[in-house]
Amino acid sequence: LPRRMFRAACIESQFFEEVEAEPRSIRQAFVVVLLTCFAGSLGSWLAGRPPFVVATDLLEPLVLWLAGGAFTYMVGATFLRGPETVTSYAEVLRTTGFAWAPGLLRLAIVVPPESLGFGLTVFADLWVLVAGIVAVRQALDFTTWRAIGTFGASYALLLLTFEGLLLRLVSLRF
């Protein structure tokens, strides 16, 4: 698994193609996402963040992987489908799960000074974003621009969904 995570972090297109075609790799993709969850929450806890932030950092990668993968599959396999696109939700999950490998750097939030630690986590998140776009490109057999569009549309749908859920929760409270 470490070698595969390294290849994912290096954003090797061929690696994402291999993962796309290998159904058994879904377990490893899940482990990569869980490791990212733990790295982020451990970093937040060690940095003395409030419990809500620690909990959010624990759940965020997993929720984004599952829900974002669903939206990516829906958008990419239907609305932005290319002539070469033959995919499944599981293929999207396998490739995007490994794209979370650079997220292990979220643990770097504890690096002093605070601004450096924060900068390293922002860098890690941007690295995950780029790896995610390449993963989507390979899973959906897209051009890079179509992958960026799919990723952007999926992210917008995800934000709208979460915003709607939050508004609903707030309205139930009052």
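Refer to the structure above for everything that follows.
Residues numbered from 1 in each chain as written. Predicted model: local features only at pLDDT ≥ 70, side-chain atom pairs only at ≥ 80, totals over all residues. Heavy atoms only, no water.

### Some points on a nonpolar patch on the surface
Logical step 1: A surface patch of nonpolar side chains, amounting to about 500 Å² of accessible area, comprises Phe38, Leu58, Leu59, Val63, Phe162 and Leu165.
Logical step 2: Among the elements of the structure, helix H4 (51-79) and helix H7 (144-173) are those that each provide at least two residues to the nonpolar patch.
Logical step 3: With three residues, H4 is the single largest residue contributor to the nonpolar patch.
Logical step 4: Looking at where Leu59 falls in the secondary structure, it is placed in helix H4. (Patch = residues over 30% accessible without salt bridge, like charges linked within 9 Å, V, L, I, M, F, W, Y side chains within 5 Å. Areas by Shrake-Rupley, 256 points an atom, 1.4 Å probe, with all protein chains shown as cover. Salt bridge = Lys/Arg side-chain N within 4 Å of Asp/Glu carboxyl O. Helix = DSSP H or I, 4+ residues; strand = E, 2+ residues; numbered from the N terminus.)

### A few points about the environment of Ser13
Logical step 1: Secondary-structure assignment places Ser13 in helix H2 (residues 13-20).
Logical step 2: A relative accessible area of 27% means that Ser13 is categorised as partly exposed.
Logical step 3: Considering only alpha carbons, one finds Ser13 and Val33, 20 residues apart in sequence, at a separation of 19 Å.
Logical step 4: Excluding residues within four positions of it along the chain, Ser13 makes contact with Val134, Arg137 and Gln138. (Buried < 20%, exposed > 50% of the residue type's maximum accessible area, 1.4 Å probe, protein only. Contact = heavy atoms within 4.5 Å.)

### Focus: the packing of H2 against helix H5 (residues 89-98)
Geometry of a packed helix pair, given as the angle between the helix axes and the separation of the axes.
Logical step 1: Close contact between H2 and H5 brings their axes to 8 Å; oriented N to C, the two are set at 140°. In terms of axis orientation, H2 runs oblique to H5. Seen along the crossing, H2 lies across H5 with a hand that is right-handed. Across the interface between the two elements, Phe15, Phe16, Val19 and Glu20 from H2 touch Glu91, Arg94, Thr95 and Phe98 from H5.
Logical step 2: Classifying every residue of the contact of H2 with H5 gives four nonpolar, one polar and three charged. (Axes fitted to C-alpha atoms, helices over the stretch in contact; angles between N-to-C directions. Parallel < 35°, antiparallel > 145°, perpendicular 65-115°, else oblique. Left-handed = near helix turned anticlockwise from the far one by under 90°. Nonpolar A, V, L, I, M, F, W, Y, C, P; charged D, E, K, R; others polar.)

### Description of H5
Logical step 1: Counted residue by residue, H5 has eight buried out of 10 residues, so it is predominantly covered.
Logical step 2: Every buried residue belonging to H5 is among Glu91, Val92, Leu93, Arg94, Thr95, Thr96, Gly97 and Phe98, and all of these are buried.
Logical step 3: The inward-facing, buried residues of H5 contact helix H1 (2-9), H2, helix H3 (26-46), H4 and helix H6 (114-140).

### Some points on the pattern of salt bridges
Logical step 1: One pass over the full model with this rule turns up five salt bridges.
Logical step 2: Where Glu60 meets Arg106, a salt bridge forms, and the shortest distance between an N and an O atom there is 3.2 Å. You can see Glu60 sitting in helix H4 and its partner Arg106 sitting in the loop between H5 and H6, a full 46 residues away along the chain.
Logical step 3: Using a relative accessible area of 30% as the deciding quantity, one classes Glu60 as partly exposed.
Logical step 4: A residue is classified by how much of its surface remains accessible, and Arg106, at 9% relative accessible area, is buried.
Logical step 5: For Asp125, the salt bridge is made with Arg106, and the minimal N-O distance between the two is 2.9 Å. Pair noted here: Asp125 is in helix H6 and Arg106 is in the loop between H5 and H6, with a separation of 19 residues, a long-range link.
Logical step 6: Overlapping salt bridges, with partners in common, bring together Arg7, Glu12 and Glu18 in one network.

### What about the nonpolar core?
Logical step 1: Core analysis: the largest hydrophobic core is formed by 19 residues, its most contacted members being Ala8, Phe15, Phe16, Val32, Trp65, Phe98 and Trp100.
Logical step 2: Of all the secondary structure elements, the ones that give two or more residues to this core are H1, H2, H3, H5 and H6.
Logical step 3: Beyond its immediate stretch of four places on either side in the chain, Trp100 contacts Val32, Val33, Thr36, Pro61, Leu64, Trp65, Arg106 and Val128.
Logical step 4: By size, the runner-up hydrophobic cluster in this structure holds seven residues, among which are Ile133, Val136, Phe142 and Ala147. (Core = buried A, V, L, I, M, F, W, Y, C linked by side-chain atoms within 4.5 Å.)

### Some points on H2
Logical step 1: Among the residues of H2, those classed as buried are Phe15, Phe16, Val19 and Glu20. Burial along H2 is one-sided: seen end-on, the buried residues are contained in an arc of 140°. (Arc of directions from axis to C-beta.)

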